[in-house]
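# Reading the structure
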Amino acid sequence: MFVDALLAYLHFLSIFFLAWFLCRQWLLLKAGAPALDVEKLPRVDLGYFASAGAVLLTGLGRLFLGPKPLVFYTHNPAFQALIGLFVLVGLLSIVPTMSYQRWRRYRRDDAAFEVPPGEWKWARALVGAE
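These remarks concern the structure in this document. (Residues numbered from 1 in each chain as written. Predicted model: local features only at pLDDT ≥ 70, side-chain atom pairs only at ≥ 80, totals over all residues. Heavy atoms only, no water.)

### With respect to helix H4 (residues 77-92)
Applied cut-off: Numbering of helices and strands runs from the N terminus, with a helix taken as a DSSP run of H or I at least four residues long and a strand as a DSSP run of E at least two residues long. Helix span, expected: 1.5 Å multiplied by one less than the number of residues in the helix. Polar contact criterion, stated in full: a pair of N or O atoms within 3.5 Å, where within protein one must be able to donate a hydrogen and the other to accept it, and residues adjacent in sequence count only if both atoms are side-chain atoms.
End to end, H4 covers 22 Å across 16 residues, agreeing with the expected 22 Å (1.5 Å per residue, within 8%). Of the residues that open H4, the one with a side-chain oxygen 3.0 Å from the backbone nitrogen of Ala78 is Asn76.

And the structure:
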């Protein structure tokens, strides 16, 4: 009982951190292409990745160590949809992550580098979709 409650609290806490990091990315991208902080974006994205890992690990802990049997979750369509959406959002986040790394590398090579507006709009749209 204690383990289940602990895993539930940790799972929900990691979900809140995931949402916070995603909102932080959105706010950083809202500044516009010329004013982007390309040093901060990859750090926030790393926090997003770490919190997504925490959501996954605590969710697996609840799945295998929780009081309900595994079959309760695996045959539940809502659980299957939740896992599908989690994977979809994870796949959507790949493109912005690669863009942030590339922008930071270009800015370190050339201090006058500005993020192309088209790439900025695309990254912002994907973060908004997440």
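Past the structure itself, the notes keep going.
### Remarks on helix H1 (residues 2-29)
Counted only if it meets this: Buried, partly exposed and exposed residues are distinguished by accessible area as a fraction of the type maximum, computed with a 1.4 Å probe on protein chains only: under 20%, between the cut-offs, and over 50%, respectively. Residue contacts are defined here by distance: any two heavy atoms, one from each residue, within 4.5 Å place the two residues in contact.
The end-to-end C-alpha distance of H1, which contains 28 residues, comes to 41 Å, matching closely the 40 Å that a straight helix rising 1.5 Å per residue would cover. When H1 is considered as a whole, its buried residues turn out to be Leu7, Ala8, His11, Ser14, Leu18, Phe21, Leu22, Gln25, Leu28 and Leu29. Structurally, H1 contributes buried residues whose contacts are with helix H2 (40-65), helix H5 (94-109) and helix H6 (117-129).

### Remarks on a nonpolar patch on the surface
Just so we agree on the cut-off: Surface patches are drawn from residues lacking salt bridges whose relative accessible area is over 30%; two like charges belong together within 9 Å, two nonpolar side chains (Val, Leu, Ile, Met, Phe, Trp, Tyr) within 5 Å. Residue-level accessible areas treat just the shown protein chains as cover; the underlying method is Shrake-Rupley with a 1.4 Å probe. A pair is scored as a salt bridge if a Lys or Arg side-chain nitrogen falls within 4 Å of a carboxyl oxygen belonging to Asp or Glu.
On the surface, a cluster of nonpolar side chains totalling about 1200 Å² of accessible area is made up of Phe2, Val3, Leu6, Leu10, Leu13, Phe17, Leu56, Leu57, Leu60, Phe64, Leu65 and Leu70. In terms of residue count, the dominant contributor to the nonpolar patch is H1 (6 residues).

### Quick notes on the packing of aromatic side chains
How two aromatic rings sit relative to each other is set out by the distance from centre to centre and by the angle between their planes. Inclusion rule: Pairing of aromatic side chains requires ring centres within 6.5 Å, counting the rings of Phe and Tyr and the six-membered ring of Trp. Pairs whose planes differ by under 30 degrees are stacked, by over 60 edge-to-face, and all others tilted.
The final tally for this structure, using the stated rule, is 5 aromatic pairs. With a centroid separation of 5.0 Å and an interplanar angle of 80 degrees, the aromatic rings of Trp20 and Phe21 are classed as edge-to-face. Exposure remark for Phe21: the relative accessible area of 18% places this residue in the buried category.

### Some points on the packing of H2 against H4
In plain terms, the rule: Note on geometry: axes are lines fitted to C-alpha atoms, helical ones only across the stretch in contact, with angles between N-to-C directions running from 0 to 180 degrees. An angle below 35 degrees is treated as roughly parallel, one above 145 as roughly antiparallel, one from 65 to 115 as roughly perpendicular, and anything else as oblique. Each crossing is labelled by how the near helix is turned from the far one, with a counterclockwise turn of less than a right angle marking it left-handed and a clockwise turn marking it right-handed. For this classification, Asp, Glu, Lys and Arg are treated as charged, while Ala, Val, Leu, Ile, Met, Phe, Trp, Tyr, Cys and Pro are nonpolar and the rest, including Gly, are polar.
Here H2 crosses H4 at 160 degrees, and the two axes come no closer than 12 Å. Taken together, the axes of H2 and H4 are roughly antiparallel relative to one another. When the axes of H2 and H4 are compared, the crossing they make is left-handed. Taken together, the residues of H4 that come into contact with H2 (itself represented by Tyr48, Ala52, Val55, Leu56 and Leu63) are Phe79, Phe86 and Val89. Classifying every residue of the contact of H2 with H4 by side-chain character gives 8 nonpolar, no polar and no charged.

### Some points on the environment of Arg108
Looking at the secondary structure, you find Arg108 in helix H5. Look at Arg108 and you get exposed, because its relative accessible area is 56%. Taking the C-alpha atoms as reference, Arg108 lies 9.3 Å from Glu39; in sequence the two are 69 residues apart. Looking at Arg108, its side chain comes within polar contact range of the side chain of Glu39, at 3.0 Å.

### Brief notes about the nonpolar core
Where we set the bar: In plain words, nonpolar cores are sets of buried Ala, Val, Leu, Ile, Met, Phe, Trp, Tyr and Cys residues tied together by side-chain atoms within 4.5 Å.
Formed by 20 residues in total, the largest nonpolar core has its most connected members in Leu29, Leu36, Leu41, Tyr100, Trp103, Val115 and Trp120. Beyond its immediate chain neighbours, meaning those up to four positions away, Trp120 contacts Leu29, Gly32, Ala33, Leu36, Trp103 and Val115.

### Observations regarding the environment of Asp37
Tracing the chain through its elements places Asp37 in the loop between H1 and H2. Put simply, Asp37 and Tyr100 are 63 residues apart on the chain and 9.8 Å apart in space, counted from C-alpha to C-alpha.

### Some points on the side chain of Asp45
We count it as follows: Here the positive residues are Lys and Arg and the negative ones are Asp and Glu; neither His nor the chain ends is included.
Assignment of secondary structure puts Asp45 in helix H2. For Asp45, which is buried and forms no salt bridge, the nearest opposite charge comes from Arg104, at a distance of 9.2 Å. Looking at Asp45, its side chain comes within polar contact range of the side chain of Gln25, at 3.0 Å. Apart from residues no more than four positions distant in its own chain, Asp45 is found in contact with Gln25, Thr97 and Tyr100.

Spatial relationships are all this shows, so hold off on functional conclusions.
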